[in-house]
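So the chains spell out like this:
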Amino acid sequence: MLESTIRAVRPLDEPAMAAARELQGRLTKPAGSLGALEELSVRLAGLAGVCPPPLPEPAAVAIFAGDHGVHAQGVTPWPQEVTAQMIGNFLAGGAVVNAFARQAGASVTVVDVGVATPLPPAAQADQPADPAAPPTGAHAGAGGPATPRLVTANVRPGTRDLAVTPALTRDEARAAVETGIRVAGELIDAGAGILLTGDMGIANTTPAAALVAAFAGVDPAAATGRGTGVDDPTYARKVDVVRAALVRHAPDPADPLGVLAAVGGLEHAALAGLILGAAARRVPVLLDGVIAVSAALAAAAFAPDAVGAMVAGHRSAEPGATAALRHLGLDPLIDLGLRLGEGTGALLALPVVTGAVRVLHEVATFDSAGVSEK
């Protein structure tokens, strides 16, 4: 599945992009007056292969959840069981991502790809077990803000401690990537016009920093942030853990599956798969914060043209996010100092993406409106 998905990822369509640029020049506004929105609309036309591109709706958020053996190194004060508890909160509709999803009219799918502790009883009931199974009933995956849906696709109960041993085997990393590909296909088949990345995993900013350092070639100190707001001693320990892991495993950025196995997380690998799956289907992916962009680095290493499907929703306060976006050549749409994850920043950026495309659909040209040009 991974190899066939990679083969299906293609460059942006140049004729469609040229048509979008030409159309932008004929709309009733000064040329370039919409700034970054104009180039975004051009890229989305190139992704779709048509001008104007389809409106990016309905929107579907996929939250991949996993735990991390590196938690044992004291890189966060939060207990590991919070990951499972937050899944219960997502499914009950009580998290920030749920509030923003309701505002945006987006569906929420939660994927247990590697949670280490038992899920709350309410989260275990009446949920589909097959990540490839079509969504049904109140849990429909892409039709709007229905009841959040749980997909159980647990590859293993958390990663191993990357400070001591590779976090995953190659087979486990592949299984997580392919879970993300399947979820992307499921959501698109259910009608999603844009996918939004979400994540949940206590200690997951540590493997994210390692991924950014490995793929973007930056110093671990420049890739590592304070996550949930750790104190100075914990931050210093976190940087040391990332640096030592990179020395121990020497991950090769030309081998993205190997990098994910050595220092990644199950949710990072699954997010890379989600991005690849969307790119293969020519559907845009709106990236959230540092977890998402670290996964996007892996997706781009698998298939460089996958970057064409990526839209950077926001600039996370985590420094690794800026380093990753720079490496990918992506500019974030908003910058609000967010560092929550879950998909929250991507959801706030969603109206910007929709507006960029709606301009091509709805704004009159100078000729059609009878407006004089300069």
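Residues numbered from 1 in each chain as written. Predicted model: local features only at pLDDT ≥ 70, side-chain atom pairs only at ≥ 80, totals over all residues. Heavy atoms only, no water.

Novice: Can you help me understand the packing of helix α3 (residues 36–48) against helix α15 (residues 344–362) in this one?
Specialist: Helix packing for two helices is described by the angle between their axes and how far apart those axes are. Interhelical geometry of α3 versus α15 gives an angle of 80° and a closest axis separation of 9 Å. With respect to α15, the element α3 is oriented roughly perpendicular. Each of Leu-37, Leu-40, Ser-41 and Leu-44 in α3 lies in contact with α15, whose residues at this interface are Val-352, Val-353, Ala-356, Val-357 and Leu-360. Residues belonging to the contact of α3 with α15 are distributed by class as follows: 8 nonpolar, 1 polar and no charged. (Axes fitted to C-alpha atoms, helices over the stretch in contact; angles between N-to-C directions. Helix = DSSP H or I, 4+ residues; strand = E, 2+ residues; numbered from the N terminus. Parallel < 35°, antiparallel > 145°, perpendicular 65-115°, else oblique. Contact = heavy atoms within 4.5 Å. Nonpolar A, V, L, I, M, F, W, Y, C, P; charged D, E, K, R; others polar.)

Novice: Could you clarify how one ought to interpret the packing of aromatic side chains in this entry?
Specialist: Where two aromatic rings form a pair, the distance of their centres and the angle of their planes describe that pair. In total, this model carries 0 aromatic pairs according to the counting rule given. Positioned over the ring face of Tyr-235 is Arg-226, at 4.8 Å from the centre of the ring. (Phe/Tyr/Trp six-rings, centres within 6.5 Å; stacked < 30°, edge-to-face > 60°. Lys NZ or Arg CZ within 6 Å of the ring centre and 35° of its normal.)

Novice: Would you explain the packing of helix α7 (residues 170–189) against helix α12 (residues 266–280) in this entry?
Specialist: Two numbers describe how α7 lies on α12: the axes approach to 6 Å, and their chain directions differ by 45°. The angle between α7 and α12 places the two elements in the oblique class. Crossing hand, α7 versus α12: right-handed. Residue-level contacts link Glu-172, Ala-173, Ala-176, Val-177, Gly-180, Ile-181, Val-183, Ala-184 and Ile-188 of α7 to Leu-266, Ala-269, Ala-270, Gly-273, Leu-274, Gly-277 and Ala-278 of α12. Residues that form the contact of α7 with α12 fall into these classes: 12 nonpolar, 3 polar and 1 charged. (Left-handed = near helix turned anticlockwise from the far one by under 90°.)

Novice: Honestly, unusual backbone geometry in this entry has me stumped. Any pointers?
Specialist: Most peptide bonds take the trans form, and the phi angle of most residues other than glycine is negative. In this structure, the amide linkage connecting Cys-51 to the following residue, Pro-52, adopts the cis form with an omega of -5°. Topologically, Pro-52 is positioned in the loop between α3 and β1 (59–66). A cis amide bond, omega -5°, links Glu-57 with the succeeding residue Pro-58. Of note, Pro-58 is situated in the loop between α3 and β1. A positive phi angle, close to 65°, is found at Arg-282, a residue other than glycine. By the element assignment, Arg-282 lies in the loop between α12 and β5 (285–287).

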